[in-house]
Amino acid sequence: MDELQLLKDELSKRDAEIAKLKMALQEKEKQLSLRTDVTEEALKPLKQVNKLSNESISRYSRQLILPELGVTGQVKLTNSSVLIVGAGGLGCPSAVYLAAAGIGRLGIVDYDEVELSNLHRQILHTEDRVGMSKSQSVATTCHRLNSGVEYVPYHLALDSCNALPIISQYDIVLDATDNVATRYLLNDACVIAGKTLVSGSALRFEGQLTVYNYENGPCYRCLYPKPPPPQTVTNCSDGGVVGVVPGIIGCMQALEAIKIASGIKSSFGQRMLLFDAIDGTFRCVKLRGRQPSCPVCGDAPTITQLIDYEQFCGAKASDKDKAMNILEKEQRMSAKEYKTILEEKKPHILVDVRQPVELEICQLPNTKTINIPVSSLQKEEKISELRDRINQLKSNGDDKVPIVVVCRRGNDSQSAVNTLKQQLLDNNIEIKDIKGGLHSWSKNVDHNFPQY
Ligand SMILES: Nc1ncnc2c1ncn2[C@@H]1O[C@H](COP(=O)(O)OP(=O)(O)OP(=O)(O)O)[C@@H](O)[C@H]1O
Ligand SMILES: [Zn+2]
């Protein structure tokens, strides 16, 4: 009897183990069904359905009972595909809501990999995915939420060669990128391929949303025929952004895409939503309509194929900073050379040209730093403070006064050297900048110095 009981116990233990292994196997199979990053290869047409499964009825029940959406809208959603370009601050929230709502196919394009500084707003990535492809990371997170959606991650930069073959395979395109060249590329590609473009942007405490090329409404070029001068464009890495702002705009992009795909229709075809997070206000402005003279969507288009957008905008199709080289070699010093100046206590003046808020984050170990933001270098009161310090050093008997200029990455500091030279007009001053700025200090001198 005892032996029989023992056998029964053993058997139920094994059953529990088998159940556990089956679950693990299912989880692995689910993971394997997720694509790894693809290129512009042609996809199989999205399988079209005309009725919902019982599982779909349960899953989407709370939206199915909305008369505006209903079964018809859900079937349309299931039969639709959306391409999200940019898996960052806007792309993450839009992807997760489109996946949750049951879009049929979700393409996610991003050339970049996850960084720690992305996580405050790019909420589908995780700490253990730093270094992983962003498109793959978004697909993985969304797959866990809704494995019934087909995810197509593209780990590549969308450009004039691959944009049309990729975009033409989708019904709706979301612009969730952060640079002007890609905005024009996406606009022209969507007009040429006949796709609606749901466009979002977010910076600092402000966000915007518009739907372009929708129901005979304007395209991006109708409103902005000429790109802005590159130096007037600020990115999140320089201007900063509160994570919730792209969160809100990204959700709105998903909402508009869901409305369009399910047949409800978008309300932003010729309107722009402006969100101000400081005031807590949403405003809507009416935009001018499609321009018959527009070179891409007008009556006699001159742009019928994609052009070189980096050349057209005079700016890169990424917001990653490129190291500039404005100054001559002898006008620059390395971070290590500056360390020696500090150690040897050589008389000099350090001018930090970052914004005051950045000095609160970190500063070089020089207690007498003068802070003159690049934008204030022309202001006389700032320059006179610098002149006073120069005269002080000269009165100590230092004929040739060295000025060292520093900024975050070593770009602003170079233009600052030139501006200071013009402002001071003094041959007895030697002005140099620190090559690579504070990033180089952190990399080459003090590994404990924070990078932002
Ligand atoms: N042409 C492009 N092709 C593919 N992805 C693009 C293209 N242009 C921009 N992106 C992607 O769009 C995303 C924009 O998101 P966001 O500005 O929030 O992120 P970020 O560039 O990582 O941020 P940060 O400026 O803080 O470094 C980025 O992940 C970027 O790689
Ligand atoms: Zn147009």
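Residues numbered from 1 in each chain as written. Chains lettered and ligands numbered in written order. Predicted model: local features only at pLDDT ≥ 70, side-chain atom pairs only at ≥ 80, totals over all residues.

Participant: Teacher, can you tell me more about the overall build of the protein chain here?
Facilitator: The number of helices and strands found in the protein chain is 17 helices and 13 strands. A principal-axis box enclosing the C-alpha atoms of the protein chain has dimensions of 100 × 80 × 40 Å. Considering the protein chain as a whole, with its 452 residues, one finds that 38% of them fall into the buried category. (Helix = DSSP H or I, 4+ residues; strand = E, 2+ residues; numbered from the N terminus. Buried ≥ 20, exposed ≤ 12 C-beta atoms within 10 Å, placed from the backbone.)

Participant: I tried to follow the UniProt feature "binding site: ATP" (unreviewed entry) in the protein chain on my own but got confused; where do I start?
Facilitator: This chain's UniProt record puts "binding site: ATP" (unreviewed entry) on G89, D110, S117, N118, L119, H120, R121, K134, D178 and N179. Within the secondary structure, L119 sits in the loop between β2 (105–109) and α6 (134–145). Contacts of L119, omitting those with residues within four sequence positions, involve H125 and E127. One can find D178 in the loop between β4 (172–175) and α8 (180–193). (UniProt positions renumbered as here; feature names shortened; annotations may be inferred. Contact = placed C-beta atoms within 7 Å.)

Participant: Just checking my understanding: could you explain the environment of N118 for this structure?
Facilitator: Along the polypeptide, N118 turns up in the loop between β2 and α6. Distance from N118 to G243, taken between C-alpha atoms, is 9.3 Å for residues 125 residues apart in sequence. Contacts of N118, omitting those with residues within four sequence positions, involve G88 and H125.

Participant: Looking at this model, I keep getting lost on helix α11 (residues 244–262). Mind explaining?
Facilitator: Owing to its 3.6 residues per turn, the α-helix aligns residues three or four sequence positions apart on the same side. Between its first and last C-alpha atoms α11 spans 26 Å; for 19 residues at 1.5 Å apiece the expected length is 27 Å, and the two agree. Counted residue by residue, α11 has 16 buried out of 19 residues, so it is predominantly covered. Positioned one or two residues after α11, G263 has a phi angle of 95°, which is positive. (Expected span 1.5 Å × (residues − 1).)

Participant: What should I look at first to understand the sheet that holds strand β7 (residues 271–276) in this one?
Facilitator: What holds strands together in a sheet is hydrogen bonding between their backbones, with the strands either parallel or antiparallel. With respect to topology, eight strands assemble into an open sheet ordered β3-β2-β1-β4-β5-β6-β7-β8, the strand pairing being mixed. For this open sheet the edge positions go to β3 (150–154) and β8 (281–286), each flanked by a neighbour on one side alone. Pairs of neighbouring strands in the sheet enclose a mean axial angle of 15°, with direction left out of account. Pairing between β4 and strand β5 (residues 196–203): four bridges, direction parallel. Across the sheet, V173 pairs through a bridge with L197, a residue of β5. Against the sheet, α11 makes contact with β1 (81–85), β4, β5, β6 (206–212) and β7, and its axis sits at roughly 170° relative to β5, the strand it touches most. (Pairing = 2+ DSSP bridges. Axes fitted to C-alpha atoms, helices over the stretch in contact; angles between N-to-C directions.)

Participant: How should I be thinking about the pairing of β5 in this particular structure?
Facilitator: Each regular strand shows side chains that alternate between the opposite faces of the sheet. Buried residues dominate β5, accounting for seven of its eight residues. After leaving β4, the chain enters α8 and then returns to the sheet as β5, a path that is right-handed. Judged from the seven bridges that link them, β5 and β6 form a sheet pairing that is antiparallel. By the bridge assignment, G200 is partnered in β6 with L209. The hairpin formed by β5 and β6 contains two residues between the paired strands, and R204 there has a positive phi angle of roughly 55°. (Right-handed = clockwise from strand over helix to strand, strands pointing away.)

Participant: Whenever I open this one, the domain arrangement of the protein chain confuses me. Can you help?
Facilitator: By a widespread convention, an interface's size corresponds to the accessible area lost as its parts come together. Annotation of the protein chain at the domain level lists domain 1 (34–313) and domain 2 (329–444). Taking the mean C-alpha position of each, domain 1 and domain 2 sit 43 Å from one another. (Domains from an automatic or database assignment.)

Participant: Help me out: how do you make sense of the site of ligand 1 in this one?
Facilitator: Every one of the 25 residues lining ligand 1 counts as a neighbour, but G86, G88, G89, D112 and D178 are closest to it. Residue classes in the shell around ligand 1 are distributed as eight nonpolar, twelve polar and five charged. (Near = placed C-beta within 6 Å. Nonpolar A, V, L, I, M, F, W, Y, C, P; charged D, E, K, R; others polar.)

Participant: Even after reading the chapter, I still don't get the nonpolar core, so can you show me in this structure?
Facilitator: Most often, soluble globular proteins have nonpolar side chains that are buried together. Judged by nonpolar contacts, the single largest core of 75 residues is most densely connected at A95, L98 and L106. Ranked by the residues each element gives to this core, the list is headed by α11, at ten residues. When sequence neighbours within four positions are dropped, the list of residues in contact with A95 reads I84, L106, I108, L124, V138 and C142. Formed by 22 residues, the second largest nonpolar core is a distinct cluster that contains V353, I372, I403 and V417. (Core = buried A, V, L, I, M, F, W, Y, C linked by C-beta atoms within 7 Å.)

Participant: Even after reading the chapter, I still don't get the packing of helix α5 (residues 91–101) against α11, so can you show me in this structure?
Facilitator: Helix packing for two helices is described by the angle between their axes and how far apart those axes are. Relative orientation of the contacting elements α5 and α11 amounts to 40°, with a least axis distance of 7 Å. Crossing of α5 over α11 shows right-handed handedness. Counted together, G91, C92, P93, S94, Y97, L98 and A101 of α5 and G247, G250, C251, Q253, A254, A257 and I258 of α11 form the full contact between these two elements. Tallied by class, residues from the contact of α5 with α11 come to nine nonpolar, five polar and no charged. (Left-handed = near helix turned anticlockwise from the far one by under 90°.)

Participant: Which parts of the structure should I look at to understand the sheet that holds strand β11 (residues 370–371)?
Facilitator: Within the open sheet, the five strands sit side by side as β9-β13-β12-β10-β11. Their pairing is parallel. Only two strands of the sheet have a single partner each, and these edge strands are β9 (332–333) and β11. Pairing of β9 with strand β13 (residues 429–434) involves two bridges; the strand directions are parallel. Within β13, the residue paired with R332 across the bridge is D433.

Participant: Explain α8 to me, please; I cannot follow it from the model alone.
Facilitator: The end-to-end C-alpha distance of α8, which contains 14 residues, comes to 20 Å, matching closely the 20 Å that a straight helix rising 1.5 Å per residue would cover. The buried fraction of α8 is high, at 13 of 14 residues. Where α8 terminates, the next one or two residues include G194, which has phi positive at roughly 70°.

Participant: Honestly, the packing of α5 against α6 in this entry has me stumped. Any pointers?
Facilitator: It is at 9 Å that the axes of α5 and α6 come closest, and there the two elements cross at 30°. Relative to α6, α5 is oriented roughly parallel. For the pair α5 and α6, the crossing hand works out as right-handed. On α6, the residues touching G91, C92, A95, V96, A99 and A100 of α5 are V138, C142 and L145. Considered class by class, the residues forming the contact of α5 with α6 number eight nonpolar, one polar and no charged. (Parallel < 35°, antiparallel > 145°, perpendicular 65-115°, else oblique.)

Participant: How do you make sense of unusual backbone geometry when you look at a structure like this?
Facilitator: Negative phi is the rule for most residues except glycine; trans is the rule for most peptide bonds. Here E215, not a glycine, exhibits a phi torsion of approximately 50°, which is positive. Since 12 C-beta atoms lie within 10 Å of it, E215 is described here as exposed. Its identity is not glycine, yet K345 carries a phi of approximately 50°, on the positive side.

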